[in-house]
Amino acid sequence: MDGWVHNRDQMRNSAAASTLSATPDGAVSLDQVAVEARARLFSSRSVKRGSKLFACNLIITCTDLTTLEGSDTRGRVEVLCAKAMRPVPDDATIPAVAAVCVYPSQAATARRCLQGSPVVVASVATGFPSGQVPAEVKIAEAGEAARFAEEIDMVMDRGAFLEGRHLKVQQEIAGVKEAIGDRHLKVILETGELGGLDQVRRASWLAMEAGADFIKTSTGKIQPAATLPVAVVMLEAIRDFAWATGREIGFKPAGGIRSAKQAVAYLVAVNEILGDRWLRPQRFRIGASSLLNDVLMQIYKERRGGYQSPQDFSEA
Amino acid sequence: MATSPPKTSARPKSLDLLPDAPVPAEGEAGVEFPNRLFEYEPAKESTEHVRLEDRYGLFIGGRFVNPHSKAHHPTINPATEEQLALVAEADASDVDRAVEAASRAFLQWSRLSGGQRARFLFRLARLLQERSRELAVVESLDGGKPIRESRDFDVPAAAQHLFYHAGWADKLGFAFAAGPGRALGVIGQVIPWNFPLLMLAWKVAPALATGNTVVLKPAETTPLTALLFADICRQAELPPGVVNIVTGGPEVGAALVRHPGLAKVAFTGSTAVGKEIQRALAGSGKRLSLELGGKAAHVIFEDSPIDQAVEGVVNGIFFNQGHVCCAGSRLLVQESIAEPFLRRLRLRVSRLRVGDPLDKNTDIGAINSRAQLDRIEALVQAGVGEGAHLYQPGCELPDRGFWFPPSIFTGVAPAHRIAREEIFGPVLAVMTFRTPKEAVERANNTRYGLSAGVWTSKGSRILWMSQRLRAGVVWANTYNQFDPASPFGGYRESGFGREGGVQGLAEYLEFS
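Source: prediction; values computed, not measured.

Draft legend 1. Broad picture of the domain arrangement of chain B. Residue and element names in this part refer to chain B. Domain boundaries assigned for chain B yield domain 1 (55-292 + 492-510) and domain 2 (297-476). Relative to domain 2, the C-alpha centre of domain 1 lies at a distance of 30 Å. Contacts between the two partners involve 29 residues from domain 1 and, on the opposite side, 33 residues from domain 2. Buried area between domain 1 and domain 2, summed over both chains or domains, comes out near 2,700 Å², and the portion from carbon and sulfur atoms is 53%. Together, Glu81, Trp193 and Arg492 form the three largest contributors to the area buried by domain 1 at its contact with domain 2, with a combined 22%. Seen at the junction of domain 1 and domain 2, the total is two salt bridges. When the shortest N-O distance is used, the salt bridge between Asp363 and Arg148 registers 2.6 Å. Between the two partners, domain 1 and domain 2, sit 15 residue pairs in polar contact (both at pLDDT 80 or more). Elements with a contribution of two residues or more to the side of domain 1 that touches domain 2: helix 3 (132-143) and helix 4 (147-169). The element that contributes the greatest number of residues to the side of domain 1 that touches domain 2 is helix 4, accounting for five residues. A breakdown of the residues in the side of domain 1 that touches domain 2 according to their chemical character gives 11 nonpolar, nine polar and nine charged.

Quick look at the structure:
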């Protein structure tokens, strides 16, 4: 029943587009050295003063504030939700984040805490982070999570992907999409396990074709997590997919993004590859657990001309 | 088995309630993926650490001296047209003095051991690194190139060249089968305005490593980093006369290359001047190496990594405003992917930031001079006149200074002037091909032969192409990569002689 999709033509036949043309799809080959050079350009952009404030505010608005630990408790999630809604309790000019991202078992708690706020609940699902659970369990878990979460962050089946069973990967994504109804679906590719940029491109395309609303780099549990070269490849895949289908897919780097400077580099990449339409939480998210306070420090530094002590910001 | 989402009043919030960024304006007609929301504020490199003299003399015999004519000409910042400094106007008698100083110095310098010469070269390299910020800023001020390039490419590459040749100075006995070779004598070197400091390093480093002394003439519009290098020679306590620098216009260069006291002339610049020099030197017994113009083909096959190839094409033609002799100015793209390739190329070019060379975010700086701008404009006019289709992104150019937007011509025929003549500006001529054989024919259909680029995923095709492309350098799946160990130079009207590597060293030695 699983399709074995090996080459370009077969891939194309499995997709909606069936005419054979040289238009780039999921099967283009990439040059790692040149991708890395392009990524360096993004991280070398100098974003200062007003543009830095704009970037930092946007980053907060696009943050999925995340806790994904075995030790997560209701108390921990409550603290996180409070931080998500008002990152600085006595400063209303600091916007709320986009979402709080938790395990399915904490989704109900998050939902209760965030009631009445613009912050939505995102829940991981499908056997996060490894995805090594039976397909029915994945569907059931996603459906359960969708009772409380507006957004589902599912993990792609890397095992099937690396076996070349691309159709299975797509069927599973489509199955989850069906199970969660109108909830937004983010598909985590776990790029650090795919083995190269060609595979990142291919996985991005498979996920978008199968119904992902967002493609997301990583679970944060595997190294390397998000990297700029991977972001470049995924953003270019999103651009090509938009050209091919008219559908705008979102991008979410996650894992290892701790400093505002790193986050700004991703924003620069989004800005220069995709532009204005992606500079909003409907199309761009950053998954992070410890990024927010550095972004706040940078905002106050720009506003007041000096750094504040990390103790001035609450944990979460 | 799947639990369907609840349809109760506990229904989750709609995504539309998400905190929203300002709603982006729809793009202007024809502009894909507009990006105007997130603008980068000017991030100007500081000039506080740079002290320029009001007036510079000639560097002869280890010190700055007044020119015989007492005349000076201004050197300006092409981004603002403001004067930066006055630079001495040398005449034939100054050239005499410089060659004489170099001849005297040659007696000592050529007898130093390789190890001793190496110490001086290492010292020059380190001082150049120490003063790299200053040199980068001055290079951008005087020549108009983006600070990102002068900081990350020109100055580090110049230092690298000095280090590399410092390493050779005491190992010449191992470099050639014919033995260590002998130094030639005084070398006359004339360099262009596109990479002033780097071309100086390319010329001076191998000459000094092999025991020669030099008289160097920097370009009229970009003399300042050469004069700072003169100061570095003083700082390094290089023996007087080993490096001499004479500034001025074309007549100074003409007087220098014709000087009977030279053993060799090394010239980098236009093909027209190169031919003139070759005529003037005929029968003089002087050695000559010429690195001249180019009209490089950049060949994109349908199986190439398309976005990286776009990046390579952008780097190939817009690096240093296209003022690059090896610029990939003729794009040959396989017809089957021409349309998607050009769509991506146009989008990428629309993102290039043209403006203040000192802004760290600038991708394309100022055109080097009024004269060069006039030449670019004339050739672009010719391209439009001949019926090619011109694309330029709608970028705002500053009021003052010399500017030209990145430009792409499609519908170019091989017979068009823009497909044959070196424009030396940010102007790309796009043509298509059907088969590898046709790609080779089109690529080689030029008077020049300096460089070429090939993009394909097929390793065998890279080798097949590079065996057939008549060019001194063939880059595969990259462009504009330089290394001091790799010889650089051309075929046909791109000149002869090589710079870099042992081949470059051999140009400065005789073995008989």
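That covers the picture; the talk isn't over yet.
Draft legend 2. Region of interest: the packing of helix 4 of chain B against helix 5 (residues 196-209) of chain B. Residues and elements named next belong to chain B. At a minimum axis distance of 9 Å, the contact between helix 4 and helix 5 shows a crossing angle of 5°. Comparing their axes, helix 5 and helix 4 come out roughly parallel. Two secondary-structure elements touch here, helix 4 through Phe153, Asp154, Val155, Ala157, Ala158, His161, Leu162, His165 and Ala169 and helix 5 through Leu197, Leu198, Ala201, Trp202, Ala205, Pro206 and Ala209. For the contact of helix 4 with helix 5, the class distribution of residues is 13 nonpolar, two polar and one charged.

Draft legend 3. Geometry of the sheet that holds strand 15 (residues 407-410) of chain B. Residues and elements named next belong to chain B. Taken together, the seven strands give an open sheet; going across it, the order is 14-15-16-13-12-17-18, and neighbouring strands pair in mixed fashion. Lying at the two open borders of the sheet, with one neighbouring strand each, are strand 14 (389-391) and strand 18 (473-476). Between one strand and the next, the sheet's axes are offset by a mean angle of 20°, whatever the strand orientation. Note: strand 13 (residues 330-334) against strand 16 (residues 427-433), five bridges, orientation parallel. In the sheet register, Leu332 faces strand 16, and the bridge partner there is Met431. Where helix 10 (residues 338-350) meets the sheet, its contacts fall on strand 12 (297-300), strand 13, strand 14, strand 15 and strand 16, and the angle it forms with strand 13 comes to roughly 140°. Taken strand by strand, helix 13 (residues 436-444) contacts strand 12, strand 13 and strand 16, and its axis lies near 170° from that of strand 13.

Draft legend 4. Focus on the interface of chain A and chain B. Taken together, the 67 residues of chain A in the interface contact 51 residues of chain B. Here chain A packs against chain B, burying approximately 5,200 Å² in sum over the two surfaces, 56% of which is carbon and sulfur. Taken as a group, A:Arg45, A:Trp243 and A:Asp276 account for 14% of the area that chain A buries against chain B, more than any other trio of residues on that side. Counting the contacts that link chain A with chain B gives five salt bridges. Its salt-bridge partner being B:Asp307, residue A:Arg239 comes within 2.8 Å of it at the nearest N-O pair. Summed over the shared surface of chain A and chain B, the result is 21 residue pairs in polar contact (both at pLDDT 80 or more).

Draft legend 5. Structural view of the pairing of strand 1 (residues 63-66) of chain A. Residues and elements named next belong to chain A. Neither face of strand 1 is open: one carries Thr63 and Leu65, the other Asp64 and Thr66, and all of them are buried. Alignment of strand 1 against strand 8 (residues 286-288), held across three bridges, turns out to be parallel. Counterpart to Leu65 in the pairing with strand 8 is Ala288. In this region the chain leaves strand 1, passes through helix 4 (residues 74-85) and returns to the parallel neighbour strand 2 (residues 99-102); the handedness of that crossover is right-handed.

Draft legend 6. Molecular detail of the environment of B:Ala118. Residue and element names in this part refer to chain B. Here Ala118 shows up in helix 2 (residues 114-130). Using a relative accessible area of 5% as the deciding quantity, one classes Ala118 as buried. Considering only alpha carbons, one finds Ala118 and Glu149, 31 residues apart in sequence, at a separation of 28 Å. If we skip the residues at most four places from it in the chain, Ala118 touches Ala166 and Ala169.

Draft legend 7. The confidence of the model for chain A, seen in detail. For chain A, per-residue confidence averages 92 on the pLDDT scale, and 93% of positions sit at 70 or higher. Residue range residues 1-20 of chain A is modelled with pLDDT below 50. Its contacts to residues more than four positions away, or to other chains, number 36 contacts.

Draft legend 8. Expanded view of the pattern of salt bridges. Residues and elements named next belong to chain A. Overall, the coordinates contain 55 salt bridges over all chains when judged by the stated rule. Linking Asp153 and Lys216 is a salt bridge whose minimum nitrogen-to-oxygen distance equals 2.8 Å. Residue Asp153 is found in strand 4 (residues 151-155), and its partner Lys216 is found in strand 6 (residues 214-216); the two are separated by 63 residues along the sequence. Like Asp153, the residue Lys216 is buried in the burial classification. Salt-bridge contacts for Lys168 lead to Asp157; the nearest nitrogen and oxygen are separated by 3.2 Å. One end of the pair, Lys168, is in helix 8 (residues 166-179); the other, Asp157, is in the loop between strand 4 and helix 7 (158-162), with 11 residues separating them in the sequence.

Draft legend 9. Local environment of the pairing of strand 5 (residues 184-188) of chain A. Residues and elements named next belong to chain A. In terms of burial, strand 5 is largely enclosed, as four of its five residues are buried. Bridging between strand 4 and strand 5 involves five bridges; their strand directions are parallel. Residue Asp153 lies in a different strand from strand 5, and its bridge partner there is Lys186. By the bridge criterion, three bridges tie strand 5 to strand 6 in an arrangement that is parallel. Bridging from a neighbouring strand, Val187 pairs with Ile215 of strand 6. You can see the chain leave strand 5, run along helix 9 (residues 197-210) and come back into strand 6, and the turn it takes is right-handed.

Calculation notes
- Residues numbered from 1 in each chain as written.
- Chains lettered and ligands numbered in written order.
- Predicted model: local features only at pLDDT ≥ 70, side-chain atom pairs only at ≥ 80, totals over all residues.
- Heavy atoms only, no water.
- Domains from an automatic or database assignment.
- Contact = heavy atoms within 4.5 Å.
- Buried area = accessible area lost by both parts, 1.4 Å probe.
- Salt bridge = Lys/Arg side-chain N within 4 Å of Asp/Glu carboxyl O.
- Polar contact = N/O pair within 3.5 Å; in protein donor to acceptor, adjacent residues only side chain to side chain.
- Helix = DSSP H or I, 4+ residues; strand = E, 2+ residues; numbered from the N terminus.
- Nonpolar A, V, L, I, M, F, W, Y, C, P; charged D, E, K, R; others polar.
- Axes fitted to C-alpha atoms, helices over the stretch in contact; angles between N-to-C directions.
- Parallel < 35°, antiparallel > 145°, perpendicular 65-115°, else oblique.
- Pairing = 2+ DSSP bridges.
- Buried < 20%, exposed > 50% of the residue type's maximum accessible area, 1.4 Å probe, protein only.
- Right-handed = clockwise from strand over helix to strand, strands pointing away.
- pLDDT = per-residue confidence, 0-100.

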